Every structure is written in C-alpha cells, then in structure tokens.
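Residue-level listing of the chains:
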Amino acid sequence: MVNALEQFAPLSLQADFDNAGMQIGLTDAEVSGALLCLDVTEAIVDEAISKGCNLIISHHPLIFHKLRRITGEDYVQRTVMKALKNDIAILSMHTNMDSVRGGVNYKMAEKLGLKNLRFFGKQQQVSVSQSEAEDHEKLCRELQPQQTDGYAFKQNVIEGADGVIGSFDEALAADDLVLKLRKTFGVECVMCNQLLRRPIRSVALCGGAGDFLLDDAIIEGADAFITGEMHYHQYFGHDQEILICVIGHYQSEQYTSEIFRDILAHRCPEVKTFITEINTNPIIYL
C-alpha cells in the first residue's frame with residue numbers, strides 16, 4: 001500500500017519543509033484495514049481501532065516539527081503514544097500529493113468541473129522508469145478522465161507543480177462562482193475581494209495555504225484564484241484584476257481521502273479502506 005501511494009506521488013515531490021512518508025510503524029506490516037483522513041488526532045486513532053484498521057493514511061503529517069519528548073503534554077504526543085500502544089501505523093502524503101498530477105489540486109478542479117488543466121507556479125519532475133511513468137499515466141486517466149483528457153504525459157518522469165489552472169466550458173458570473181464554491185466544498189462563507197464584473201472562465205487554484213501563488217495566477221491571466229488561506233494584506237490592490245476566493249484550509253483539501261481511496265482500490269483492491277467519519281477541522285464558524 002505504501003508503495004502504491006508513493007509511486008503515484010513520489011516523496012521527492014514534497015516541499016523542503018515537509019515531512020511526508022511513513023510516520024509511525026513498519027512498512028512491511030500486514031494491513032488489516034486503512035482509515036483515510038486529512039488530519040490525525042486521538043479521535044482518528046480511536047476510529048481506526050473501532051474499524052479494525054492498523055493503518056491510518058493522512059494528508060497532513062502528524063509529526064511535522066521535531067519531537068523532543070513524548071510525555072503526552074500535547075495532542076501530537078498523545079496521538080503518537082496511542083498509535084504506538086495500539087500498533088497503528090501512520091502514513092502521510094502531504095505536499096507530494098498536493099503537487100502531483102492527479103493529486104489534491106486536480107481533485108479540487110474535478111469537483112468544480114474545470115477542464116484543460118495545466119500547471120503553474122514552481123514546477124518539478126521526478127525521473128522514474130518507463131513502466132512507472134506509464135502506470136502513473138494510466139491511473140491518472142482512469143481516476144480523472146476529464147482532467148487529463150488530451151494531455152500528453154512525458155516519458156520516464158512524474159510531474160508536479162504548486163498550482164493548477166483550468167477553465168469552465170461556460171463562463172460564470174462572480175457571484176455564481178461563489179455559490180458554486182459554497183455548495184461544492186460545504187463552505188459556510190467564502191472570503192473574497194471585490195466581485196469581478198467580467199465573466200469568469202479561467203480559474204487558478206491551490207489547496208491549503210496557497211496565497212504565495214496569487215501573483216503567479218495574475219501573471220497567468222486567470223480570472224479567479226481559489227485557495228484555502230490568504231493573508232489580509234494580499235487582498236488589497238487586485239480589484240477587477242482577479243477574483244480572490246478563500247474557502248478554508250480544511251474545506252479545500254477535504255476530498256484528498258477520495259484520492260487515497262481510488263488509488264488503493266485500483267492498486268490494492270484486497271485491502272479494506274474507510275474514509276473517516278470525523279470532521280477534524282479545528283475552526284468553527286459561528
């Protein structure tokens with residue numbers, strides 16, 4: 001299972017600051033079941049135990065910063081202790097799954113119905129064997145046919161980038177795009193700058209904290225930029241230049257578990273997988 005996910009989104013695609021990969025446990029342990037989630041908390045470990053899963057696959061790494069001690073003084077330490085005590089392995093696929101073709105940004109685009117996708121921002125590629133590149137292409141086309149239709153995959157490499165740009169078949173008014181975001185991602189409110197007074201067809205997006213890509217989205221000529229987080233001062237100075245839509249970090253990446261599920265269904269169909277029933281978003285909208 002670990003190989004299936006890492007072959008799809010190689011760890012070498014992760015950002016320098018990241019800590020994706022195996023967090024807790026042994027890679028060769030027999031898997032009784034896998035719980036798929038965005039964040040790992042004590043409640044998530046309890047859910048894995050109740051469902052008979054000895055593997056948790058998360059998007060956000062539980063262990064991100066150096067652990068100098070494990071005394072149970074915070075939720076990370078307590079979660080590590082509970083996982084170890086119950087022989088629960090934890091695997092995280094973070095910025096490597098964000099950036100890879102067919103990953104988090106592609107899933108966002110799929111949910112919105114965007115087509116003709118292309119990368120923007122910092123791009124990179126990982127050299128792989130021809131068979132691995134062909135397997136990746138095949139899986140991308142099977143999982144997201146509309147998002148990869150017509151794209152010419154490169155031989156012997158797997159590509160990734162910070163963001164993705166796509167287009168709607170029919171342009172939307174700005175307020176209709178906001179309503180579409182609220183419905184698609186279950187967002188209580190969308191934080192925007194001044195609504196654009198021209199039709200929106202080209203959309204740039206980046207799941208999670210993607211505000212660093214705003215200038216790149218403008219350079220690429222996008223009508224709208226969608227991300228999970230944006231600093232206050234970045235909203236200034238872009239009225240009628242680009243529509244900024246910020247939908248929340250959790251909300252933008254909530255469908256990542258579906259990517260895990262679909263990859264494993266194709267590569268490891270014998271393993272039981274469960275998407276968590278727990279909403280781990282720590283932010284409450286009142």
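Now for a description of the structure that goes with this document. (Residues numbered from 1 in each chain as written. Predicted model: local features only at pLDDT ≥ 70, side-chain atom pairs only at ≥ 80, totals over all residues. Heavy atoms only, no water.)

Some thoughts on the sheet that holds strand β6 (residues 157–172)
Turning to step 1, where the next piece is worked out: Spatially, the 6 strands line up as an open sheet ordered β5-β6-β8-β9-β10-β7, and their pairing is mixed. One side of each edge strand has no neighbouring strand; the edge strands of this open sheet are β5 (115–127) and β7 (191–192).
Turning to step 2, where the next piece is worked out: Running over the sheet, helix α8 (residues 174–185) touches β6, β7, β8 (200–206), β9 (224–227) and β10 (243–246) and is turned about 125° from β6. (Pairing = 2+ DSSP bridges. Helix = DSSP H or I, 4+ residues; strand = E, 2+ residues; numbered from the N terminus. Contact = heavy atoms within 4.5 Å. Axes fitted to C-alpha atoms, helices over the stretch in contact; angles between N-to-C directions.)

With respect to the packing of aromatic side chains
Turning to step 1, where the next piece is worked out: Throughout the structure, instances matching the rule amount to 5 aromatic pairs.
Turning to step 2, where the next piece is worked out: Cation over ring: R101 sits above Y151, and NZ or CZ is 3.7 Å from the ring centre.
Turning to step 3, where the next piece is worked out: Positioned over the ring face of Y255 is K111, at 4.3 Å from the centre of the ring. (Phe/Tyr/Trp six-rings, centres within 6.5 Å; stacked < 30°, edge-to-face > 60°. Lys NZ or Arg CZ within 6 Å of the ring centre and 35° of its normal.)

Here's the deal with the sheet that holds strand β3 (residues 55–58)
Either a parallel or an antiparallel arrangement is found when strands of a sheet pair, and the pairing is made through backbone hydrogen bonds.
Turning to step 1, where the next piece is worked out: Here 5 strands make up an open sheet; going across it, the order is β1-β4-β3-β2-β11 and the pairing mixed. Each edge of the open sheet is held by one strand with a lone partner, namely β1 (21–24) and β11 (273–275). The sheet shows a mean angle of 25° between the axes of neighbouring strands, taken without regard to direction.
Turning to step 2, where the next piece is worked out: Pairing geometry for β1 and strand β4 (residues 89–92), over 3 bridges, is antiparallel. Residue I24 lies in a different strand from β4, and its bridge partner there is I90.
Turning to step 3, where the next piece is worked out: Strand contacts of helix α11 (residues 256–267): β2 (34–37), β3 and β11, with the helix running at about 145° to β2, the strand carrying the most contacts.

Coordinates in, geometry out; function isn't part of it.
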